[in-house]
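The chain contents come next:
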Amino acid sequence: MSVPVLEVSAVDKRFPGVHALRGVSLSLAAGRVHALVGENGAGKSTLIKVMTGVYRPDAGTVALGGVPVVFGGPIEAQRAGISTIYQEINLIPLMSVARNLFLGREPRRFGLVDVRTMNRRAVAVLREYGLDMDTAAVARPLRTLGLGAQQMVAIARAVGVDARVVVMDEPTSSLERREVTTLFEVIARLAAKGIAVLYVSHRLDELYSICDGVTVLRDGVVVHTGSLSDVDRLGLVSLMLGRDAAAVRSEGVTAFAAAHGDAADLPVLRAQDIEVRHRVHDVSLAIRPGEVVGLGGLLGSGRSETAKAIAGGLRRDGGTVEVSGRRLRRDTVGAAVRAGVVLLPEDRKAEGIIPSLSVRQNIVLAALPRLSRVGLLSRRRQDEIVAYFMDRLRIKAASPDQKVSELSGGNQQKVLLARWLCLRPKVLLLDEPTRGIDVGAKAQVQRLIDELAGDGLGVLLISSELEELIEGSDRVVVLREGRAVAELSGDEVTEQHLMRALAAEADDD
């Protein structure tokens, strides 16, 4: 029997108040794609950080090619042949695309970086990943690209290193379907070269498309490991949640329930002819109290830009926003929040949580002006609000004083939601609220959206997952190239109609 490329044996890892990993073992073979799955908080990220030198295990060993290793950090792990692609893009936004791609291994001439050669090589490399860019484009700052393109750059950089093991943590969370297909082709090439791939994803379709084996973590313990073909999808979800298959089957594809709102109600939000130069063109939509309106479209269609323009996060070049019949005179975040419109952004790391602050501080941040009197903050009132929302949203944390950066992605998302809910808004704009969170946390967030709509909030739901849009929305407005090209309601809200609207040519609108 061949020696595993990477083997983790009986690893334990503790943090204050949390036993994150309990005797975890995992084996990766050359040329095989192995899935690592589990709910947020199950220990997946901690295990990856142990494997890549971010954390040292309290017990157990990590072996590379049969030789025990102790890495002093991620750089040492990368030099040894373990390359990691994280869900949250960890590149340098202000540097050029090419510099990010070759950072630390730039081609040099006479001791200086050979920019011309570097840019030329970057163009060739990125074309293999479906990014058709010229030398001028790769010389621009990375931040000028969309999230999906940035993720492909991160993937190209990680794979370009001489790797024996490639760890992919939710690599498709920011990619559209065409880019996902390209990524799967890259993974097949890696496996054909004998590289071991550890693939972390909450999207079951992806797992069954590309993975050979699977390890399931629950509460820091391995509850199953073996061939993926030996367990069906329902069984896999049951293992992840620790619940009976019949109970999981009753949940359906999503945890959304019946229709929301009353068609006779006047809109709580009306956005008319929203214009953002080069991004959004004359988009109009309305949301009634208790209604969930979906905003569909491919990446780059203007979904996030529309939401930001409504919420004051992006300057409008035209159009109006009315809340409960009153027009917003200023297109600023502060004006929108005061009127009752709040936005949960797509990129929770860059635009949402403040990693260095605690769960408590992140939750009450937006409400601080309302919690203070004559400049003094009421700690008792803060505690009441934090306790209420941690309980209602089922936020898993050792305590309210735990750093929010130490929480799982799903719990970070709930903390952001709590921050805005404590302001008692009228309209909630949700941009990919379940992106990168596990099936259990996803179901909780979806149920919560149902509850909030039931309480009378107007909700705008942006999602790349068709099932989520179809089952969670009363109506769906479809965008393409920054324009609203269709509005589906009632029996029209189906996958067939939505796909047709997404794929139709502009001339057919």
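Residues numbered from 1 in each chain as written. Predicted model: local features only at pLDDT ≥ 70, side-chain atom pairs only at ≥ 80, totals over all residues. Heavy atoms only, no water.

(A) Up close: the overall build of the chain. Within the chain, the secondary structure is distributed over 20 helices and 24 strands. A compact globule built from 509 residues would reach a C-alpha radius of gyration of about 23 Å, and the chain, at 24 Å, matches this within 12%. Referenced to the eigenvectors of the C-alpha coordinate spread, the extents of the chain come out at roughly 70 × 50 × 50 Å. Considering only residue pairs separated by 6 or more positions, the chain has 66% of its internal contacts joining residues 24 or more positions apart. Of the roughly 23200 Å² of accessible surface on the chain, a fraction of 49% belongs to carbon and sulfur atoms. Between the mean site of the 65 positive side-chain charges and the mean site of the 63 negative ones, the chain shows a separation of 8 Å. (Helix = DSSP H or I, 4+ residues; strand = E, 2+ residues; numbered from the N terminus. Rg over C-alpha atoms; globule rule 2.2 N^0.38 Å. Contact = heavy atoms within 4.5 Å. Areas by Shrake-Rupley, 256 points an atom, 1.4 Å probe, with all protein chains shown as cover. Lys, Arg positive; Asp, Glu negative; His and termini not counted. Charge placed at Lys NZ, Arg CZ, Asp CG, Glu CD.)

(B) Seen up close, the packing of helix α6 (residues 147–160) against helix α7 (residues 177–192). Running from amino to carboxyl end, α6 crosses α7 at an angle of 5 degrees, the nearest separation of the two axes being 11 Å. Classed by the angle they form, the pair α6 and α7 counts as roughly parallel. The segment α6 lies against α7, with G148, A149, M152, I155 and V159 engaging E179, T182, L183, V186 and L190. (Axes fitted to C-alpha atoms, helices over the stretch in contact; angles between N-to-C directions. Parallel < 35°, antiparallel > 145°, perpendicular 65-115°, else oblique.)

(C) Summary view of the sheet that holds strand β3 (residues 33–37). Overall, mixed pairing links the six strands, which are arranged β6-β9-β10-β3-β11-β12 in an open sheet. The open sheet terminates on both sides in strands that have one partner only, identified here as β6 (82–85) and β12 (221–227). Along the sheet, successive strands turn relative to each other by an average axial angle of 15 degrees, direction set aside. Pairing of strand β9 (residues 165–169) with strand β10 (residues 196–200), which is carried by five bridges, proceeds in the parallel orientation. Across the sheet, the residue bridging to V166 is V197, located in β10. Each of β3, β9 and β10 touches α7; the most contacted strand, β9, lies at about 155 degrees to it. (Pairing = 2+ DSSP bridges.)

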